[in-house]
Amino acid sequence: MQGAQELRDGAFVSVDYRISSAEDPWSSNSEPHEAWSQGDELDSSAARRQPLTFEIGAKMVASAIDHSARKLQVGADKALVLEAKEAFDQMKLKELGIKPLTKVVVALRLRSSSRGSSLREQEAEERLACAISLKERGNELYKSQQPADALPLYLKAQAILRRLSALKLTDSLLQKASTQLISVLLNKAACFVQLGADYAPRTVKACSKVLEIDENNVKAYYRRAQAWGQMNNSEAAVEDLEDADRLEKGKNPEVAKALRFHRQRTG
């Protein structure tokens, strides 16, 4: 559609996508719809059974994908040629066995977009799904011993969830957003713990935010105690571990072991 308004930063979009090998140079004369069937498929929204949902201008996807999505109309196609490192993280590149500079073809089709801050329930659900997707990608990286790579994904998910919490949504959606926010904050704290003592103050901050939402969260007390330990503050660690031990009724061996250790350190 000629003269259609370009999506601005802050708009949320859901796109169907297909990423395929580019064995033959992609011609500028090729029709975008051809990218949905040519080449060997490497990844797609159909295979994952969910669209790619992201916020325009928030650096959640490759800049070329962001730029193309903001110009698309619902139902329209676009095909791009990118380097594989722009389309996949390091873990996925290794899984696929392709080099970072390998060319891939990305087919995009805009499914829906949201321009304003007043959201319909479906649009809010899409933002929530985006945050969950980011969290799950972060979880995969964390489990692969890559906390530094997982952390940016958790930070992006947290930003989306905080925006959702500030909007007028149904109680059910607000509860879902709150639950996911707690999970993301705890996962972020776990990354900070793995990254070492320099990140300990940020661990304390993340866990304290969780406890503002849920004062009985054992993981928040335990991970905050780990941070206190990294900061050589066993007294504070004992306080948090005692709360965790009380909530666990003395049945969590990891909490009990850490509590004994820090009590010994405080004499």
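As the structure is a computational prediction, the values presented were derived from the model and not from experiment. (Residues numbered from 1 in each chain as written. Predicted model: local features only at pLDDT ≥ 70, side-chain atom pairs only at ≥ 80, totals over all residues. Heavy atoms only, no water.)

## Here we look at the environment of Val-61
- With respect to the helices, strands and loops of the structure, Val-61 is situated in the loop between strand 3 (52-55) and helix 2 (63-71).
- Counting along the chain gives 27 residues from Val-61 to Phe-88, while the straight-line C-alpha distance between them is 9.7 Å.
- Setting aside chain neighbours within four positions, we find Val-61 in contact with Leu-52, Phe-54 and Asp-66. (Helix = DSSP H or I, 4+ residues; strand = E, 2+ residues; numbered from the N terminus. Contact = heavy atoms within 4.5 Å.)

## Considerations on the packing of helix 5 (residues 121-143) against helix 6 (residues 147-165)
- Orientation of helix 5 relative to helix 6, taken along the N-to-C sense of each, is 160°, at an axis distance of 8 Å. Taken together, helix 5 and helix 6 sit at an angle that is classed as roughly antiparallel. Crossing of helix 5 over helix 6 shows left-handed handedness. Seen from helix 5, the contacting residues are Ala-124, Arg-127, Leu-128, Cys-130, Ala-131, Leu-134, Lys-135, Arg-137, Gly-138, Asn-139, Leu-141 and Tyr-142; seen from helix 6, they are Pro-147, Asp-149, Ala-150, Leu-153, Tyr-154, Lys-156, Ala-157, Ile-160, Leu-161 and Leu-164.
- Classifying every residue of the contact of helix 5 with helix 6 by side-chain character gives 15 nonpolar, two polar and five charged. (Axes fitted to C-alpha atoms, helices over the stretch in contact; angles between N-to-C directions. Parallel < 35°, antiparallel > 145°, perpendicular 65-115°, else oblique. Left-handed = near helix turned anticlockwise from the far one by under 90°. Nonpolar A, V, L, I, M, F, W, Y, C, P; charged D, E, K, R; others polar.)

## Observations regarding the pattern of salt bridges
- Counted according to the given criterion, the structure contains 13 salt bridges.
- For Arg-48, the salt bridge identified is with Asp-43, shortest N-O distance 3.0 Å.
- Residue Arg-48 is classed as partly exposed on the basis of its relative accessible area of 43%.
- You can call Asp-43 buried: its relative accessible area is 10%.
- The shortest N-O distance in the salt bridge between Asp-77 and Arg-109 comes to 2.7 Å. One end of the pair, Asp-77, is in strand 4 (residues 77-83); the other, Arg-109, is in strand 5 (residues 103-114), with 32 residues separating them in the sequence.
- By relative accessible area, Asp-77 is classed as partly exposed at 24%.
- Through salt bridges with shared partners, one network takes in Asp-9, Asp-66 and Arg-70. (Salt bridge = Lys/Arg side-chain N within 4 Å of Asp/Glu carboxyl O. Buried < 20%, exposed > 50% of the residue type's maximum accessible area, 1.4 Å probe, protein only.)

## Regarding helix 2
- Listing the buried residues of helix 2 in full gives Ile-65, Asp-66, Ser-68, Ala-69 and Arg-70.
- On its buried face, helix 2 sits against strand 1 (12-21), strand 3, strand 4 and strand 5.

## A look at the packing of helix 9 (residues 218-230) against helix 11 (residues 253-266)
- Interhelical geometry of helix 9 versus helix 11 gives an angle of 30° and a closest axis separation of 11 Å. If you check the angle between helix 9 and helix 11, you find them roughly parallel. Considering the relative orientation of helix 9 and helix 11, their crossing is left-handed. Where helix 9 abuts helix 11, its residues Tyr-222, Ala-225 and Gly-229 lie against Glu-254, Val-255, Ala-258, His-262 and Arg-265.
- The residue inventory of the contact of helix 9 with helix 11, partitioned by class, reads four nonpolar, two polar and two charged.

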